[in-house]
Amino acid sequence: MLLEAEFWVAVAFVIFMGIAWKAGAFSTMTKGLDGRANRVRHELDEAKRLREEAAAVLADYKRRRAEAEKEAESIVAGAREEAARAAEEGHRKLDDFLARRTKAAETKIAQAEAQAEAQVRAAAAEAAVKVSETILRERMQGEAAQGLIRASLGEVRTRMRS
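What counts and how
- Residues numbered from 1 in each chain as written.
- Predicted model: local features only at pLDDT ≥ 70, side-chain atom pairs only at ≥ 80, totals over all residues.
- Heavy atoms only, no water.
- Helix = DSSP H or I, 4+ residues; strand = E, 2+ residues; numbered from the N terminus.
- Areas by Shrake-Rupley, 256 points an atom, 1.4 Å probe, with all protein chains shown as cover.
- Salt bridge = Lys/Arg side-chain N within 4 Å of Asp/Glu carboxyl O.
- Buried < 20%, exposed > 50% of the residue type's maximum accessible area, 1.4 Å probe, protein only.

Novice: Help me get a handle on the overall build of the chain, residues and values and all.
Specialist: Within the chain one finds three helices and zero strands. Beginning at the N terminus, the succession of helices and strands in the chain can be written as α-α-α. Carbon and sulfur atoms provide 62% of the accessible area of the chain, an area that totals close to 14,000 Å².

Structure below.
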């Protein structure tokens, strides 16, 4: 057994471990591994925090985008409503304008008709008076006849003009 290589490898291993333990290699390795574990844990925590931050930023971005889309939709809807109101108001103003112009034209036509009717009546009255005067002058003679003619003609004129 003393001549076998495995025995001497085991003895060398035990001696090496004893020397390493005495020199404090195990505590240094443990501290190194603990430090490495702490760094890895810290990096994992940092990665987790960054992931949560990224998720919060993404959620905020999505929320803002949704708000912007809603605002854009409301702006478009408002513009459409405003355009519809403007068109409706334009139609209403045009209708009012046409109604006023039509009424003014009808009023002018009615005034022209009334004026023409008055002129025709006046002309007819003048003609009737002249004809009556001529007829009465031919048939009646004297001062009494002239007074009667004047009174009659004045009455005819008054009646024809009213």
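Novice: How would you summarise the pattern of salt bridges if you had to cite specific residues and measurements?
Specialist: Tallying each qualifying case throughout the model produces 10 salt bridges. Notably, a salt bridge pairs E53 with R49, separated by 2.5 Å at the nearest N-O pair. Of this pair, E53 and R49 both sit in helix α2 (residues 25-139), four residues apart, which is roughly one turn of the helix. The class of R49 is partly exposed, set by a relative accessible area of 38%. One salt bridge in this structure joins R92 and D96, with 3.8 Å as the shortest N-O distance. With a gap of four residues between them, R92 and D96 both fall in helix α2, about one helical turn apart. On the basis of relative accessibility, which here comes to 40%, the residue R92 falls in the partly exposed class. Here D96 falls in the partly exposed class, since its relative accessible area comes to 35%.

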